[in-house]
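# Structural characterization, general
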Amino acid sequence: MIHCGSLLFPNLHLSRNLSRKLFSRSVSYYNSFIMSGQQSLNRFFSVKKPESVNSTSKKLMSHKRTSETDYFPLKRTKNSITAECGDLNLLDSKKVDYSELENKIVDSKNLVEAESLLELESRYHSDTPVLPQSQEIFYSSLTNIFERLEQEPARLKNLAIASEFFLQILQSNHKRTLVEVIYLMINRLGPDYELDLELGLGETLLVKAIAEGTGRTPQKIRSELHKLGDIGLVAQNSRSRQPTMFKSKPLTIHTVFENLTKIAKSSGNASQARKIGLINQMLTTCEGTEAKFLMRSLEGKLRINFGEKSVLVALSKAFCEYEHELSDKNKGHVSPQELVDAEEATKKAFSQIPNYEIIVGEALKYGISNLATHCTLKPGIPLKPMLAKPTKSITEVLDHFHGQEFTCEYKYDGERAQLHVQQDGTVKIYSRNSEDMSQRYPDLIDVVSQIKSQCSGVSTLILDCECVAWDSEKGKILPFQVLSTRKRKDVNAEDIKVQVCLFAFDILLLNGESLLELPLKERRKILHENVRPIEGKFQFAEAMDADNVAEIQHFLDQSVKDSCEGLMVKMLDGDKSHYEPSKRSVNWLKLKKDYLEGVGDSLDLAVVGGYIGKGKRTGWYGGFLLACYNEDSGEYETCCKIGTGFSEEMLQTLSATLKPTVIKQPKPFYVYDASPDVWFEPTLVFEVLTADLSLSPVYKAGINFFGKGVSLRFPRFIRIRNDKSPEQATSSDQIVELYQKQAHV
Ligand SMILES: Nc1ncnc2c1ncn2[C@@H]1O[C@H](COP(=O)(O)OP(=O)(O)OP(=O)(O)O)[C@@H](O)[C@H]1O
Ligand SMILES: [Mg+2]
Ligand SMILES: [Mg+2]
């Protein structure tokens with residue numbers, strides 16, 4: 001008998017039962033182990049000659065859609081594995097530790113990936129041109145890298161390209177330029193939590209800038225834009241038509257970064273002229289592809305096929321190699337395990353201190369492997385919040401936590417709020433996306449100050465809470481819809497009509513000390529002992545520690561009566577109950593009353609197209625094309641058309657909101673076959689419900705994984721998600737996971 005575990009993971013040594021159980025129970029892991037199977041790797045590397053690898057990559061580039069699985073060509077069907085493992089139903093289900101197993105699989109996958117990356121690099125090493133030795137690093141060095149990343153579809157190859165570039169910067173005399181390079185790569189100018197550092201200039205302004213800078217008429221530019229659909233290409237073409245009188249000093253990365261920052265920060269009356277002036281100054285010096293990427297950066301959509309997740313991996317690798325060279329360890333040969341460890345340290349550090357300036361600075365000072373001990377929680381810097389996985393039934397929850405201590409909490413339906421009290425008494429509130437919401441919730445700032453003054457022993461504090469609309473008269477929670485009517489900008493404490501109450505469910509730091517690595521049981525105790533609630537303003541989340549269906553069912557019903565969405569079920573004790581920043585963890589499960597019938601959760605999807613309404617809906621859009629977001633490629637993959645669940649007023653409002661965002665052409669980063677009547681800029685996110693998910697010939701969610709897209713059946717609109725940007729829409733990976741879970745059941 002062949003064991004599927006040992007087949008796929010010769011270095012994992014899973015028992016037969018374990019491997020069958022693994023397969024039968026958790027199809028989401030299937031994803032990981034198909035991608036990381038040792039065999040697939042062997043096959044990939046059995047293509048020995050570099051030419052063959054090149055031709056594979058050429059072949060991949062010639063397809064519009066390519067996938068990682070093309071590099072890992074082993075695709076095993078469920079049936080073939082079932083056949084090898086025998087009857088899956090004979091399992092003894094009790095002894096398997098799934099989260100441990102998942103960790104092992106992820107570790108193994110990372111190791112395989114690290115090996116591939118190192119191997120790949122040794123083949124392509126000479127591809128990256130050497131950074132010229134000069135006073136400063138030119139912008140063209142960076143745009144050359146952007147161009148290569150844009151052209152190359154394979155993620156591993158892109159990782160190799162980027163990390164090689166990072167390494168060259170580390171080896172130069174301009175190490176600090178690395179921070180600017182990273183921010184330019186992720187199309188930001190500083191950390192998420194700093195206001196006003198975002199680009200995203202409108203088309204009109206950019207067209208005007210190109211017109212003034214190149215002497216072409218705005219009409220000509222606009223008509224070319226409609227043909228090409230890419231402001232970057234238009235700028236590049238306009239530049240190349242211009243005769244260059246004399247050669248000006250080339251742009252440096254530092255100049256571009258500084259000018260972009262000035263542009264992002266400039267506001268007020270004369271700001272438009274100032275912005276155009278700065279853009280022109282740069283544009284006239286642009287050569288080659290510089291104008292293209294400069295314009296795209298200004299527009300806020302760089303499209304280089306390289307997400308933030310990849311930046312962290314490339315960065316760890318560059319540091320690993322740099323440190324090896326410095327210490328002369330084995331003459332620069334990094335081992336896959338070292339790479340995986342460095343990656344882990346970097347991700348951990350970043351999830352607690354999401355600030356590249358600090359991360360790069362500390363890595364230069366203390367070494368990449370020591371990053372995690374030097375970059376830990378600080379009041380005033382929002383950490384990436386821990387997220388939950390969906391479940392469909394109480395029995396699924398019980399199965400999952402079998403034999404372990406867990407707890408149920410009310411799942412409040414409002415907005416996540418991370419609350420910080422700093423040493424000097426300053427109070428800050430951050431959103432799920434690390435945005436500073438302090439100005440939006442002046443009333444909460446007062447409440448937190450009050451809490452602080454009541455708790456004498458508390459100097460600094462970070463709490464994880466949900467902020468919910470509150471009926472002060474009746475002392476009751478109000479629905480999310482009421483919360484969403486609150487003003488989001490320029491809020492005056494006196495004008496606030498919708499009151500809110502904070503429900504605290506976790507404490508992450510107290511008096512300068514990080515509590516992340518304490519069990520939830522202890523964190524909860526510390527929270528209750530050190531912080532005092534204020535009725536109707538700041539309360540602790542309702543919790544119950546039970547372990548049988550009847551009691552949990554009762555608590556679930558009660559939560560819904562109390563205007564909550566359902567329950568959050570969390571590991572209570574042991575290592576697995578530690579707080580895991582930025583992770584969508586199996587140690588937090590959400591159980592939502594309304595969604596138990598469907599896939600277990602609602603989805604949040606970006607609106608990318610519209611269908612003109614007929615009959616009663618004439619004059620408005622009657623339906624919309626929705627898409628999920630692929631975090632690896634930065635593309636929007638369409639996944640359904642929706643026309644149900646809207647009131648007439650809603651359709652009217654939506655039409656008014658969306659009309660100004662109509663674009664003549666779909667964005668190049670939309671993946672679609674559907675043909676809506678109009679296309680939109682991605683600006684809005686709908687929360688939707690679905691009966692189930694199915695493979696589709698038309699829709700494209702998760703297409704890189706299955707070769708076919710997943711789509712939603714009978715989608716139904718629930719609400720607009722103002723707190724999520726389109727890039728925070730449900731990811732392709734999440735949809736793939738939901739589909740697999742459902743397909744297996
Ligand atoms: N007791 C609780 N513990 C943890 N989170 C809670 C609790 N009560 C409410 N929440 C909220 O529930 C959220 C998770 O579920 P929800 O489905 O609302 O997520 P979401 O915002 O749609 O994001 P996603 O679907 O990406 O997880 C948390 O981010 C938090 O804002
Ligand atoms: Mg929510
Ligand atoms: Mg959700």
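Residues numbered from 1 in each chain as written. Chains lettered and ligands numbered in written order. Predicted model: local features only at pLDDT ≥ 70, side-chain atom pairs only at ≥ 80, totals over all residues. Heavy atoms only, no water.

### Thoughts on the overall build of the protein
Check the secondary structure of the protein and you find 29 helices and 22 strands. Scored against the burial criterion, the 745 residues of the protein give a buried share of 57%. The contacts of the protein with a sequence gap of at least 6 include a subset with a gap of at least 24, amounting to 74%. (Helix = DSSP H or I, 4+ residues; strand = E, 2+ residues; numbered from the N terminus. Buried < 20%, exposed > 50% of the residue type's maximum accessible area, 1.4 Å probe, protein only. Contact = heavy atoms within 4.5 Å.)

### A closer look at the packing of aromatic side chains
For the structure on display, the rule yields 26 aromatic pairs. Measuring from ring centre to ring centre gives 4.5 Å for phenylalanine 646 and phenylalanine 717, while their planes differ by 25°; the resulting arrangement is stacked. Residue phenylalanine 646 is found in the loop between strand S15 (635-642) and helix H27 (648-658), and its partner phenylalanine 717 is found in strand S22 (residues 716-720); the two are separated by 71 residues along the sequence. A relative accessible area of 9% means that phenylalanine 646 is categorised as buried. Chaining the aromatic ring pairs together yields one cluster made of Tyr621, Phe624, Phe646, Phe680, Phe686 and Phe717. Sitting over the face of the ring of phenylalanine 669, lysine 301 holds its NZ or CZ atom 4.7 Å from the ring centroid. Directly above the aromatic system of tyrosine 611 lies the positively charged group of lysine 641, at a separation of 4.1 Å from the ring centroid. (Phe/Tyr/Trp six-rings, centres within 6.5 Å; stacked < 30°, edge-to-face > 60°. Lys NZ or Arg CZ within 6 Å of the ring centre and 35° of its normal.)

### Observations concerning the packing of helix H15 (residues 253-265) against helix H17 (residues 290-299)
Two quantities define a packed helix pair, namely the angle between the axes and the distance from one axis to the other. Viewed as axis vectors pointing N to C, H15 and H17 meet at an angle of 30°, and their least axial separation amounts to 11 Å. By the angle between their directions, the pair H15 and H17 is classed as roughly parallel. With respect to the hand of their crossing, H15 and H17 are arranged in right-handed fashion. Here Val256, Leu260 and Ile263 of H15 lie close against H17, whose contacting residues are Leu294, Ser297 and Leu298. (Axes fitted to C-alpha atoms, helices over the stretch in contact; angles between N-to-C directions. Parallel < 35°, antiparallel > 145°, perpendicular 65-115°, else oblique. Left-handed = near helix turned anticlockwise from the far one by under 90°.)

### Points about the site of ligand 1
Close contacts around ligand 1 come from 19 residues, with Arg416, Arg432, Glu466, Lys592 and Arg721 the closest. Between ligand 1 and the protein, one listed contact pairs an oxygen atom with a side-chain N or O atom of arginine 432 at 2.6 Å. At a separation of 2.8 Å, an oxygen atom of ligand 1 approaches a polar side-chain atom of arginine 721. Contact with the protein chains removes 95% of the 610 Å² of surface that ligand 1 exposes when unbound. Where the shell around ligand 1 is concerned, the elements lending two or more residues are strand S2 (406-411), strand S11 (566-571) and strand S12 (584-592). A total of 4 residues in the shell around ligand 1 trace back to one element, the largest contributor, which is S12. (Near = heavy atom within 4 Å. Polar contact = N/O pair within 3.5 Å; in protein donor to acceptor, adjacent residues only side chain to side chain. Areas by Shrake-Rupley, 256 points an atom, 1.4 Å probe, with all protein chains shown as cover.)

### A word on the UniProt feature "domain: ATP-dependent DNA ligase family profile" (unreviewed entry) in the protein
As recorded in UniProt, the feature "domain: ATP-dependent DNA ligase family profile" (unreviewed entry) lies at residues 493-630. Secondary structure across residues 493-630 comprises 17% helix and 39% strand; the distance between its end C-alpha atoms is 39 Å. (UniProt positions renumbered as here; feature names shortened; annotations may be inferred.)

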